[in-house]
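# Topology and contacts: notes
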Amino acid sequence: MLTSLGIVLGVAILFGVLSTNASVSKGLDDSIRRFTDRVDVVLRPVGAFDAVLPIAAVDSTRRLPGVEEVSPSLYLGASTPDPEKTDEPAYLAVIGVDPAAWMPMFDNEIKAGRMFTSGAGEVIVGPQVARRLKLSVGGRIHLTTPRGNEEFTVTGFVGAREAARAGGELVVFTSIDTARAVSGKGAVFTGASVVLAEGTDIGTWLDAHEGALGPGVQLERSGTGDDGFRPFLATVQASLTFIAAIALFVGAFLIYLTLSMAVIERTRMYGALRALGATRRQVRRVVVSEALVLGAVSTVLGLVLGTAIAWALLQVVTGLLEIDRDVPLAISPGAVMIAVVAGILVTLVSSLVPARRAARLSPVVAMKGDHAADARLGRAWIVGAVALPVGMALGFGGRSIGALALGTFVILLGAVLLVPTILRPLARGLGGITRRATPGVGAVAVMHLVKERSRSAYTLALVMVVLAMVFSIGAGNVAMGRSLDTFADRQFGADLSVGSANSFSPALEKAVLDDTPAVVESTALRFGQTVMQEPSPADERQVNLLILDPASYFEVLSFVWADGDDSSARKALTANGAVLLPEGLARSLDRRVGDRVTIRTAKGPRPFRVAGLYSGFGGQQGVVVGLTDGRELFNAGPPNLLALDLVAGADVEAVKRDVERRAGALDKVFVETAAEGKAEAQAQLNGFFRVFYAILFVAAVIGMLGLTNTLAMSVLQRYREIGVLRAIGTQRRQIRGMVTVEAVTLVLVALALSLPVGSLLSLIFVNTSARVLGFSVDYVYPWVWVPIVAVLGVVIAALAAIGPARRAARLQVVTALAFE
Amino acid sequence: MPIPPVLSARDLVKTYDSDEAARNALDGVSFDVEDGSFVSIMGPSGSGKSTLLHLLGGLDSPTSGEVLLDGTSLSTLSDDALTLVRRKRIGFVFQFFNLVPVLTVAENVALPAVIAGESPAEYGPRRDEVIELVGLGDHRDKLPAEVSGGQQQRVAVARALFVAPAVLLADEPTGNLDSVTGREILDLLRTAQTERGQTIVLVTHDPAAAAVGDELVQLRDGRISDRLHLKGTHAARTRQVLASLRADASA
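Note that the structure is a prediction, hence the values are computed from the model and not measured.

### Some words on the overall build of chain B
Within chain B, the secondary structure is distributed over 9 helices and 10 strands. Against the 2.2 N^0.38 benchmark of 18 Å for 251 residues, chain B shows a C-alpha radius of gyration of 18 Å, consistent with a compact globule. Principal axes of the C-alpha set define a box for chain B whose edges measure 55 × 45 × 45 Å. Taken over 251 residues, chain B has a buried fraction of 53%. Nonlocal contacts in chain B, meaning residues at least 24 apart in sequence, comprise 69% of its contacts between residues at least 6 apart. Of the roughly 10,500 Å² of accessible surface on chain B, 51% is carried by carbon and sulfur atoms. In chain B, the 24 positive side-chain charges and the 34 negative ones have mean positions that sit 3 Å from each other.

### Looking at the sheet that holds strand 4 (residues 64-69) of chain B
All names here are of chain B. Spatially, the 4 strands line up as an open sheet ordered 2-1-4-5, and their pairing is antiparallel. The open sheet has two free edges, formed respectively by strand 2 (24-33) and strand 5 (72-73), since each of these has just one partner strand. Judged from the 7 bridges that link them, strand 1 (residues 7-15) and strand 2 form a sheet pairing that is antiparallel. Bridge pairing in strand 2 links Thr15 to Asn24. Lying over the sheet, helix 1 (residues 49-56) contacts strand 1, strand 2 and strand 4, oriented at roughly 55 degrees with respect to strand 2.

### Some thoughts on the nonpolar core
Counting 106 residues, the largest nonpolar core has Leu412(A), Leu460(A), Met464(A), Val465(A), Leu707(A), Val757(A) and Leu111(B) as its most contacted members. For this core, the element with the most residues is helix 22 (residues 674-717) of chain A, which contributes 20 residues. Apart from the residues within four sequence positions on either side, Leu707(A) is in contact with Thr459(A), Leu746(A), Val747(A), Ile796(A), Ala797(A) and Ala800(A).

### Digging into a positive patch on the surface
Residue and element names in this part refer to chain A. Taken together, the side chains of Arg280, Arg281, Arg284, Arg285, Arg356 and Arg360 present a region of like positive charge at the surface. Elements supplying a minimum of two residues to the positive patch: helix 9 (280-321) and helix 10 (333-360). A total of 4 residues in the positive patch trace back to one element, the largest contributor, which is helix 9. Tracing the backbone shows Arg284 in helix 9.

### Considering the confidence of the model for chain B
Residues and elements named next belong to chain B. Looking at chain B, pLDDT values average 86 and 96% of them are 70 or higher. Averaged pLDDT values over the elements of chain B bottom out at 83 in helix 9 (residues 234-250) and peak at 92 in strand 8 (residues 200-204). As a predicted assembly, this complex carries a pTM of 0.70 together with an ipTM value of 0.85.

### Details of the packing of aromatic side chains
Two aromatic rings, taken as a pair, are described by how far apart their centres are and by the angle between their planes. The final tally for this structure, using the stated rule, is 9 aromatic pairs over all chains. Geometrically, the ring pair formed by Tyr553(A) and Phe554(A) is edge-to-face, given 5.1 Å between the ring centres and 80 degrees between the ring planes. Here the two residues Tyr553(A) and Phe554(A) agree in accessibility, since each one is buried. One aromatic cluster in this structure is built from Tyr553(A), Phe554(A), Phe559(A), Trp561(A) and Tyr614(A). Positioned above the aromatic ring of Phe189(A), the side-chain terminus of Arg180(A) is 4.8 Å from the ring centre. One Lys or Arg, Arg126(B), reaches over the ring of Phe162(B) and ends 4.8 Å from the middle of that ring.

### Digging into the sheet that holds strand 7 (residues 167-171) of chain B
Residue and element names in this part refer to chain B. The strand order across the open sheet built from 6 strands is 6-7-8-3-9-10, with neighbouring strands paired in mixed fashion. Pairing within the sheet leaves two strands with one partner each, and these edge strands are strand 6 (90-93) and strand 10 (223-229). The average undirected angle you get between the axes of adjacent strands in this sheet is 15 degrees. In this sheet, strand 10 lies alongside strand 9 (residues 215-220) in antiparallel orientation, the contact comprising 6 bridges. For Leu219, the partnering residue across the bridge sits in strand 10 and is Ile224. Relative to the sheet, helix 6 (residues 149-162) contacts strand 6 and strand 7, its axis offset from that of strand 6 by approximately 175 degrees.

### Re the packing of helix 22 of chain A against helix 25 (residues 785-810) of chain A
To describe two helices that pack against each other, one gives the angle between their axes and the distance between the axes. Residues and elements named next belong to chain A. Close contact between helix 22 and helix 25 brings their axes to 8 Å; oriented N to C, the two are set at 40 degrees. Once helix 22 is placed against helix 25, the crossing between them reads as right-handed. Along its contact with helix 22, which presents Tyr693, Ala700, Met704, Leu707, Thr708, Leu711, Ala712, Val715 and Leu716, the element helix 25 presents Trp785, Ile796, Ala797, Leu799, Ala800, Ala801, Pro804, Arg807 and Ala808. The residue inventory of the contact of helix 22 with helix 25, partitioned by class, reads 16 nonpolar, 1 polar and 1 charged.

### So, empty space enclosed by the protein
One pass over the structure, following the stated rule, counts 3 cavities of 30 Å³ or more. As a volume, the largest cavity reaches approximately 40 Å³. Forming the walls of the largest cavity are Ile728(A), Arg86(B), Arg87(B), Ile90(B), Gly91(B), Phe92(B), Pro112(B), Arg159(B), Ala160(B) and Val163(B). Elements supplying a minimum of two residues to the lining of the largest cavity: helix 2 (79-89), strand 6 and helix 6 of chain B. Broken down by element, the lining of the largest cavity gets its largest block of residues, 3 residues, from strand 6 of chain B. In terms of residue class, the lining of the largest cavity is built from 6 nonpolar, 1 polar and 3 charged.

### Let's talk about helix 5 (residues 176-183) of chain A
Residue and element names in this part refer to chain A. Counting buried positions along helix 5 yields 6 of 8 residues, so the element is predominantly enclosed. All buried positions along helix 5 are accounted for by Ile176, Thr178, Ala179, Arg180, Val182 and Ser183. Looking one or two places after helix 5, you find Gly184, whose phi comes out positive at around 70 degrees.

Criteria and cut-off values
Every chain begins its residue count from 1, and numbering advances along the sequence as written. Chains and ligands are labelled sequentially in the order written, the chains with letters from A and the ligands with numbers from 1. Local features in this predicted model are restricted to residues of pLDDT 70 or higher, and side-chain atom pairs are both shown and tallied only at a pLDDT of 80 or more, whereas totals for entire chains, interfaces and linings draw on every residue. In computing side-chain properties, one takes all heavy atoms of the structure into account and sets aside hydrogens as well as water. For the purposes of this entry, the term helix denotes a DSSP run of H or I that reaches at least four residues, the term strand denotes a run of E that reaches at least two, and both are numbered from the N terminus. Two things to know: the radius of gyration comes from C-alpha atoms, and the globule rule equals 2.2 Å times the number of residues to the power 0.38. The rule is simple: take the accessible area with a 1.4 Å probe, protein chains only, and divide by the maximum for that residue type; under 20% is buried, over 50% is exposed, in between is partly exposed. Throughout, a residue-residue contact means that at least one pair of heavy atoms, one from each residue, lies within 4.5 Å. Surface exposure here means Shrake-Rupley accessible area, sampled with a 1.4 Å probe, where a residue is shielded only by the protein chains that are shown. Charge counting treats Lys and Arg as positive and Asp and Glu as negative, with His and both chain ends excluded. A charge is said to be at NZ when it belongs to Lys, at CZ for Arg, at CG for Asp and at CD for Glu. Paired strands are those between which DSSP finds at least two bridges. Note on geometry: axes are lines fitted to C-alpha atoms, helical ones only across the stretch in contact, with angles between N-to-C directions running from 0 to 180 degrees. In this description, a nonpolar core means a group of buried Ala, Val, Leu, Ile, Met, Phe, Trp, Tyr and Cys residues linked to one another through side-chain atoms lying within 4.5 Å. Any residue with relative accessible area above 30% and no salt bridge may belong to a patch, with like charges joined within 9 Å and the nonpolar Val, Leu, Ile, Met, Phe, Trp and Tyr side chains within 5 Å. The term salt bridge refers to a pairing of a side-chain nitrogen on Lys or Arg with a carboxyl oxygen on Asp or Glu at a separation within 4 Å. Each residue carries a pLDDT score, the predictor's confidence in it, ranging from 0 to 100. Each pair of aromatic rings taken from Phe, Tyr and Trp, with Trp reduced to its six-membered ring, is defined by centres within 6.5 Å and is described as stacked if the planes are under 30 degrees apart, edge-to-face if over 60, and tilted in the remaining cases. Sitting over a ring, as applied to charges here, requires NZ of Lys or CZ of Arg to be within 6 Å of the ring centre and within 35 degrees of the ring normal. Crossing handedness: left-handed means the near helix sits turned counterclockwise from the far one by under a right angle, and right-handed means the same turn made clockwise. By the convention adopted, Pro, Cys, Tyr, Trp, Phe, Met, Ile, Leu, Val and Ala count as nonpolar, Lys, Arg, Asp and Glu as charged, and the other residues, Gly among them, as polar. Note on definitions: the grid is 1 Å and covers protein atoms alone; a cavity is a set of points where a 1.4 Å probe fits but cannot get out; a pocket is an open set with protein on both sides within 12 Å along at least five of seven lines; lining residues have an atom within 4 Å of a point. Grid points are joined across faces, edges and corners, and a volume is the space filled by probe spheres set on the points.

This is the structure in C-alpha cells:
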C-alpha cells in the first residue's frame, strides 16, 4: 500500500511536470505559429517603440527580389470599458491592416458580418475577443485612443486564424487609414510582414538584403520576437524538471524502504519456500516479480494522478508566464514512456537489494523470523565524502542550470551517503534531549536509533533531502525577494510611474506634469528594441532598449550597480556613444566597463563604450542609452513612461487618482505607486516560487510516508519487545511516546543535517544566480526559514508517528509475546 | 487468623472467540498461592497452563472468574492500573528470555525502574545486588547477543527479581535451554525462594522442572486434575510428580 503510494506520487509528479512543460512549449509554439504562420520575415523600425516605418520602406520591400507578399500594419494602444471589471478598463491593441494583403497572408476569413470600410470608424474582431468583450456584429465598441474617446462599429468577426499574440493581448483590426487617423501618426507604418517565394532560404535572403532598406529599418526572421521570453520559459521548465527529479528520487527511496519492509514481513514465507526446495534464484524472482506487478499497477495510477497534476500546474504556469490560458494539455507519448520506464525501473532496482537479502537467508533462519537488523556500516561514506566537494565544485563553478542541478544532486547524494556515519553521535546528542519526553522508554527509542542505523539512516536521509530542499528554495525566495526590493527601490522607486502604450502626446505630458502641483521631480523614459552585433559582428542579439534623460533620471531613479555609479553614468550618458549594460548580458558577452560593443542604430551599426553595469531582474533589463543618442540614433520620440517624485508628505493615492482621471480622459495610461510596483514584482516572484512549494509539499508527503514506513517497520520488528515492555509494566501511553520519540529524534537529526546542507545549496544557488540566470542576488541568511523548516519537520514526525504509535500501543501483550 | 494467600485464582474461565467450538481454554480453575511458596503448574500442550499464567500475571483477562493479587481483583483495574501492578508486583521470566537487544545486561535488569522514571542513584544498588545474585557481575555491560542463552535467562531472572515482586511468574524458563543450563536456572529460582522468600509460580511440561516446586498443580483440558504437596529430595519429588502424571493419564 505504502510502496504503491510512493510509486504513484513519484510517477505522478514526473509525468505531471513533463506534460506541463510539453504543453506550455507546444502552446507557445502554436500561438507563435498561428501569428507568424506563413510569414518569413518581419520589417520594423530600429530603436524606440514609437519609431515608425516610412511608406517608402514598404514599397522598397515589395521590389526586393524573392518577395512574394507584403502586409504592412500600423499598431497603437487603446482601452475600452471591461465588461468583467468595473474599476479598470481593458487594454487592447488596434492594428491597422490592408485587407487585400492581410487576409490571404494570414489565411483569414470573415466568419460573420463584413469587412470594415477603409477610413470609417469600423473594426473587425476575432471570436475570442468578441466573447471576452461581449461584442456582436453590428454592435458598438467604445475606444480611448490618442485622438480621444469614440465609438466604433463592429462590422464582422474574423476567424479562425486570428492573430493571437503571446501575452494574450486583445486585438481589434481596422483599416490603415483609420489607424493613422486615430493615432495621429500620418503616412507611416509601424511594421510589415513579408512572405518570400517558395524555397527561399530565409537566412541567406536576410544576409543579402540586410541594410537594403536603409539603416533605420530592420529586417528579421519572423517569430524571433520571443527571444527574451524563451530563456525565462526554459528556466521555469528546467527548475520544474529538476524538482520533479528530486521528487522521483525521494519517491524511489520510499519504494526501496517499503519493499524492504514487505520482504521482512514475509521472511518466514520465503524461508518455507526455501525449505520446500525453492532455489535462491526462485525466491529472488518471486520478490522481483511481486515488485514489478506492484510497480506496473502503481505506475498506471501515477499516470492518472499525473494528468491531474499537469492540468493544475498548467494553469499556474500559464498564469505565471502570462500566456493564453486556453493552452490545451498535451500528453505526449514520450512523457508517458519516460514516466512508465521511470516508475517500473525504480521499482525494479529498489526490489533487487531486498530480493537478494530474502534469497540469501538460510531457510532455518528465515523460518525462525529471527533475522538480525542490518547494522553494518558500509564504505558508502567514502563515496559521500568525495561527492560532497565534487558537488560543491560543480555548484559554485557551474555556468548552466544543468551544472547547478547536477551539483545540487551530487551534494544531496554525498550528504545522504554520509548520514549513516554521522547518525550515531548526532542521535545520541539530540536523543539526550528527546528521551526526556518519555522517561525510561524514550531511552530505549533513542538506543534503537543509535544502534540500528542502516534503515534509520536512509529514512533520515530522505527526510533530510526534503527539508534541505525546502530550506534552500525558501532561502532563494528570501534572497531574491530582498534583492527585488532593492532593485525595485532604485530602478522603479519613483513615487508615481505613469505609462502609456502610445507615447505621451504634448497634451498628455502636460496633464501629468504641469497640471499636477505635487510633482517636484520628474524624468521621462523611452523604450524600444534593437540588435547587438555581439560578440562578433556576424552575431545578432535582440535586446531591449531603455532611453533615459541623464539630466533628470538620476534625480528620481537609479540603478543597482554591479560596476559603476550614478555620477559617472550621468556624465557618460550625457556625452554621446555610451551605454549601460545589464550585468548578465555583459557577462554572457564577456564585456566589462570601458569595453566597446556594437549596436545597430537607425544610422547603421555603431560602437558604444560600456560606461556601467547594473543588476536587474528578468526581461526588464535592456541596453541603456542617453537621450541625445536616443534621438539621433534610435528614433526616440515622445516619452513612454514618466517617473514622478512628489512633494514630501503628498497623499500618493490621491495624486494617483487625480492623474488617472485627468490623463485617462486623454489616452490609455497606467499609473502605479512605488508600493504597488514593488508589491506586483513580489507577487510575481512569489507566484514563481509557489510552483516549487507545491511540488515540495508533495515531496514532504513522500518523506512523511517514508518515515511512517520505517516506524511501522520498527514496530513490526519489535512486536515481542513491545510485548515484554508491556508485560513488565510499560503503559500504552509510554509505548506511544517511545515510537514518537524515535520519530522526533530522527527528524531532529535530519533537521540538524538539513540546515547546513540547505544553507550550502542556497549559497550556491544565490552565488551562481548572476552567472546562470543573469542577475545578481545578495546572499541573505534565511533565518525566517529555520523555524519554518523546524515546524515542518516536527509536523512530519508527528504525523508519521501517529499510525505506528497507535499500532504499537494497541498490541495485546499476549499476542505480542507470542509473535516471532 | 490465617495469612491470606498472595495470589488466588477464582473459578477462572477463558474462552477464545476464534475457537469455533468455543472450547474453554480454562474451565473453572481455582487455587491459591501462599506467600513464599513455589508452585509448579504442569500439563501437556494445550492444557491451558500458559493461558493460566497470562491471567495470573494480568497480561490477559478471564472470560469469567477473577484473579486476586494481595486481595485485589485484577479484573476491576484499568489498563493503566494493571500496568502499574505488573510493573511493581509481578515479575516475569519467559521461555525466549525476551530481553531488549539494544540495551546492556545491566540496562535490561533495571528496565522496570527506568520505565518508572527512577534515577540510577535510586535503583543502582538494587540492580547491582540482583546482578551479583544471578552471577553476572562480569557481564553487566555486554549486550544480550554477546552472552550465552543461559546467561540471557539469568538476566531475565534478575530483571524479574529486581522489582522484588509479590509473585514471580516463570513460563517454561528452561524450555529453550540445555538440561544442565536449565537446571542452573531452576536452582537460581529455588535460591530466590529459599533465601529471599520469593513467591514463585512456574509453568512447565517437564516433570524434573516441576519437581523443584513445593506444590504441584496438574492441568488437563483446562481443569485442575490433581494437586499435591511435594516433599523430600529432588529425586523423591520427581517420583511424586511422575506418579501423579501416570494417575492422571490412566484416569
